[in-house]
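Listed below, chain by chain, are the residues.
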Amino acid sequence: MSLLRALVLRPMVREKIRTTLTVLGIAVGVAVVVAIALSNQSALRAFRESVDAVAGRANYQIASDVGIDENLLIALQPLWSRGLRFAPVIDIDGMVEASQTPIRILGVDLLSDIHFRDYRYASILSGTSAGGAPAPSPARYLDLFRTDSIIVPATFAAEHRLRLGSPLALSVLGHQTTMIVRGILEPRGPATAFNGSIGIVDIAAAQRQFGMLGQLTRVDLIVPGEEVRSAIARLLPPNARLERPSRRNERVEKMLRAFRVNLFALAGVALLVGMFLVYNTVLISILRRRKDVGVLMTLGASPGQIFAAFLAEGLLFGAAGSVIGIFLGDALAFLILRLIGRTINALYVTSEPQAIVLTPTIALVGAAVGTLLSLIAAIQPSVEAAHVRPSILIRTGLQQRVGRARRSVLAISAVLCFAAAAAVCRLPPVDGISIAGYLAVLLVVAGFSLLSPLIVTVVSSALRKPMRAAWGMVGQLASASIPASLRRTSIACAALALATGMMVAVALMVGSFRETVRVWVDQTVSSDLWLRPAKGLSNADIALFPASIVDDLRRVPFIAAVDPIRGRDVTYGDSIIAVGSGDFDVVGRYGNLPMVTPRSSQPALQDALRRKGVFVSESFALKFHKRVGDSVELPTTRGVERFPITGVYRDYSNDRGVVVMDRGLFIRAFQDDKINTVVLYLKKGVAPEEARKKLEAAFGPKYHAFAVLNREIRAEVMKIFDQTFVITYALLAVAVIVAVLGIVNTLAALILERSRELALLRIAA
């Protein structure tokens, strides 16, 4: 303990600047990791808890991407005597017209749903008897079954200033309807789903109001045992699947996995730079206390004790930095959460992030990461201090240099790292994540770090004469002092080079991506106007147009062509993909798809119309190993159908993969004629701004339509792209800050160690 106090504790307290900089460097790295973990957890927890709250006590679900015929309930009825409980559900997205905000509509059988979900009514609009007197107590609930009744959570009612009897205008599946609030729920159970933005409707009313007569989105089940589960499986229609409610959460988490891994990889850059900082600090500690170490070893201290003492220093730095980093990360998560939530909503799923909750698991992970990496960084200098002869430790300055032989060994090791990185790049992804790519980057970083002593030596030698010419003796001393303290200066330079190198690399990569996306947008967004059923561009899957809008638009004299667009998410294997549709004939005449295979889209589109085929995005083709001539199997209303692939095109709208088919084929396959967006091509000489005003005046009152100009679509796409990479630059900026702390730490140590030399220089003027 006395050895630890003499070599570690007292110097750490005495050298406050060095200690503070090192602890701060580790703290910043840990803070970034903790903040990302917390913000990711919040964004995913919002979606996960919403799904669980809506599922209630169901342990299985009969789910389908294309809807379920309600006659399935009749087939399930005989299993009721065997303990099966089932509840039909309509679970769809809608939009509140007044505020243009999303709302989840849950249609259930209000009488039988008590087996699955708990509804705690705060208040119910009372019915009245024929004479106008208050109805008996049970009659209070009868109005909830009316076709225009909706039940909302108290939080939603307060936010939208609703009371019992208030009208609520909704747009659901292309149907505009006004519901009456006849029940208000306490914020418990399903009323907490989607942050309270949910409306409960009797299932018969939902079917009638939203055009889903005879259809369900799923059936919730309480299955008592394996025998009953097997019996249910035999009754399933070909377009349905039996799964646990948690399966949907797993698919969404898998969809977001690559995004989350990328964030943690960037956070790892800050931690890696922090490791350099700890290595440099422990090395400086050894160099500054080499005489003390030599004396102690001469007096009988064992190499193991010296090793343990300096290893404990690294451990203390890591522990202190981790504790500070955990609390700093908790505060930083509020800033990161908004960026992550915005990206998830724009690119993946609608999910309102919940409050940040620092769980013990995340705190332990942050502490373990910071402490362990600091410990690893301290091992090499601690080993070296323990195995050097006391006579050498007492002599001045020898431990700061790196000999030629060692520089050669480091250079050879660097070459091996580069070769290994090139080989690792050829390995395939693991579960959809390019682990080999991250490992290759780590090997390249290691290679350049090993080369840093040689690079620093060569650069300082090359600058010696220019610096002497510019600043005289001071310049010569500055250039000579760098290789004289090569152990510490090379590490500090490597850390700064890593941070700035990653910043430059990501800037180049993002710049390249941005230009690629810009060119892609210019090619694909060639229409004059887009007609949307909601303001903004993030509500594409919530608000819909009815099919009748197409016929009305075709009668407008200044419109040359109309291309109705419809898309939906479907389950493909164990993944979620997008299936889109459009008028292939209009696309062939007016559009310009950026093709991968074949070169021209015209013959591929004609082939798709003739063979009832589809186009797939480049990301889909790469992810699922598909090419032109193969086929893709998709779940449709008639079961799983096979569609030939006639073209592969570039698409940067999402990374999950997209399958696109002609609108007529889409309607036949999915029995869905709704429209997300209408793409409009104007006749020559028609001004888009004037056409916009006329369209909104004509179609706004009837369809709640908003016209968007071509340039606005392009600007919004680029805005989404830019906001996606804001957090990338923020994380890399943190890494640069940590590296700068390392430079400051090194310079502070050099100044302290050479105080006598600096004093002599001042005396010599």
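These figures come from a predicted structure and were not determined experimentally.

(A) Representation of the overall build of the protein in the model. Per the secondary structure count, the protein includes 24 helices and 20 strands. Looking at the protein as a whole, 52% of its 765 residues are labelled buried. Long-range pairs, those at least 24 residues apart, make up 80% of the contacts in the protein between residues at least 6 apart in sequence. Summed over its atoms, the accessible surface of the protein is roughly 34,700 Å², and 62% of this surface lies on carbon and sulfur atoms.

(B) Layout of the environment of A312. Position of A312 among the secondary structure elements: in helix α9 (residues 303–347). When the C-alpha positions of A312 and S382 are compared, they lie 9.5 Å apart, and in sequence the two are 70 residues distant.

(C) How the structure looks around the confidence of the model for the protein. On average, residues of the protein score 81 in pLDDT, and 81% of them reach the 70 mark or higher. Taken as a whole, residues 127–136 scores under 50 in pLDDT and shows nine contacts with residues more than four places along the chain or in a different chain.

(D) The arrangement of helix α18 (residues 601–611) in detail. Along α18, the residues classified as buried are S601, A604, L605, D607 and A608. What you see down the axis of α18 is that its buried residues fit within an arc of 160°, all on one side. Where the residues of α18 are buried, they touch α17 (584–590), β14 (595–597), β15 (614–617) and β17 (639–649). Looking at where α18 begins, the residue whose side-chain oxygen comes 3.4 Å from the main-chain nitrogen of Q602 is S600.

(E) Quick peek at helix α21 (residues 688–703). A bend of about 30° at E696 is the largest found in α21. Within α21, burial applies to A691, R692, L695, F699, G700 and Y703. Immediately downstream of α21, the backbone of H704 shows phi near 55°, a positive value.

(F) Main features of the nonpolar core. Membership of the largest hydrophobic core comes to 43 residues, with the highest contact counts inside it found for I62, L76, L221 and I232. Per-element tally for this core: the top contributor is strand β2 (residues 85–96), with four residues. Here I62 is in contact with I68, L72, L76, R218, V219, L221, I232, L236, A240, R241 and L242, once residues within four sequence places are set aside. By size, the runner-up hydrophobic cluster in this structure holds 31 residues, among which are V8, A35, A37 and A363.

(G) Representation of unusual backbone geometry within the structure. Looking along the chain, the bond that leaves T597 and enters P598 is cis, with omega of -10°. For P598, the position within the fold is in the loop between β14 and α18. Of note, the phi angle at L173 is positive, near 55°, even though the residue is not glycine. Summarising the element assignment, L173 is placed in the loop between β6 (167–172) and β7 (175–185). Of note, the phi angle at K612 is positive, near 55°, even though the residue is not glycine.

(H) Just the pairing of strand β5 (residues 149–153), in detail. When you tally the buried positions in β5, you get five out of five residues, the bulk of the element. Residues of β5 alternate between two faces, with S149, I151 and P153 on one and I150 and V152 on the opposite face, all of them buried. Here β5 runs beside β7; their pairing, made up of five bridges, is parallel. Directly across from V152, in β7, lies its bridge partner I184.

(I) How the structure looks around the side chain of R218. Within the secondary structure, R218 is located in strand β9 (residues 215–222). The exposure class of R218 is buried, given its relative accessible area of 7%. A distance of 2.7 Å separates polar atoms of two side chains, one belonging to R218 and the other to D220. Excluding its chain neighbours within four sequence positions, the residues that come into contact with R218 are V54, A55, Q61, I62, A63, I68, A87, P88, V89, D91 and R117.

(J) Up close: the pattern of salt bridges. Tallied over the entire structure, the rule returns 28 salt bridges. Taking the shortest distance from any N to any O, the salt bridge between R57 and D118 comes out at 3.1 Å. With R57 in the loop between α2 (16–55) and β1 (60–69) and D118 in the loop between β3 (101–108) and β4 (121–124), this pair connects stretches of sequence that are 61 residues apart. Residues R610 and D607 are paired through a salt bridge, measuring 2.6 Å at the closest nitrogen-oxygen approach. Of the two residues, R610 and D607 are both situated in helix α18; the distance of three residues between them amounts to about one turn of the helix. Take D607: its relative accessible area is 16%, and that puts it in the buried class. One salt-bridge network, held together by shared partners, links D91, D93, R104, D113, R117, R218 and D220.

About the thresholds
- Residues numbered from 1 in each chain as written.
- Predicted model: local features only at pLDDT ≥ 70, side-chain atom pairs only at ≥ 80, totals over all residues.
- Heavy atoms only, no water.
- Helix = DSSP H or I, 4+ residues; strand = E, 2+ residues; numbered from the N terminus.
- Buried < 20%, exposed > 50% of the residue type's maximum accessible area, 1.4 Å probe, protein only.
- Contact = heavy atoms within 4.5 Å.
- Areas by Shrake-Rupley, 256 points an atom, 1.4 Å probe, with all protein chains shown as cover.
- pLDDT = per-residue confidence, 0-100.
- Arc of directions from axis to C-beta.
- Polar contact = N/O pair within 3.5 Å; in protein donor to acceptor, adjacent residues only side chain to side chain.
- Bend = angle between axes of the 7 residues up to and from the residue.
- Core = buried A, V, L, I, M, F, W, Y, C linked by side-chain atoms within 4.5 Å.
- Pairing = 2+ DSSP bridges.
- Salt bridge = Lys/Arg side-chain N within 4 Å of Asp/Glu carboxyl O.

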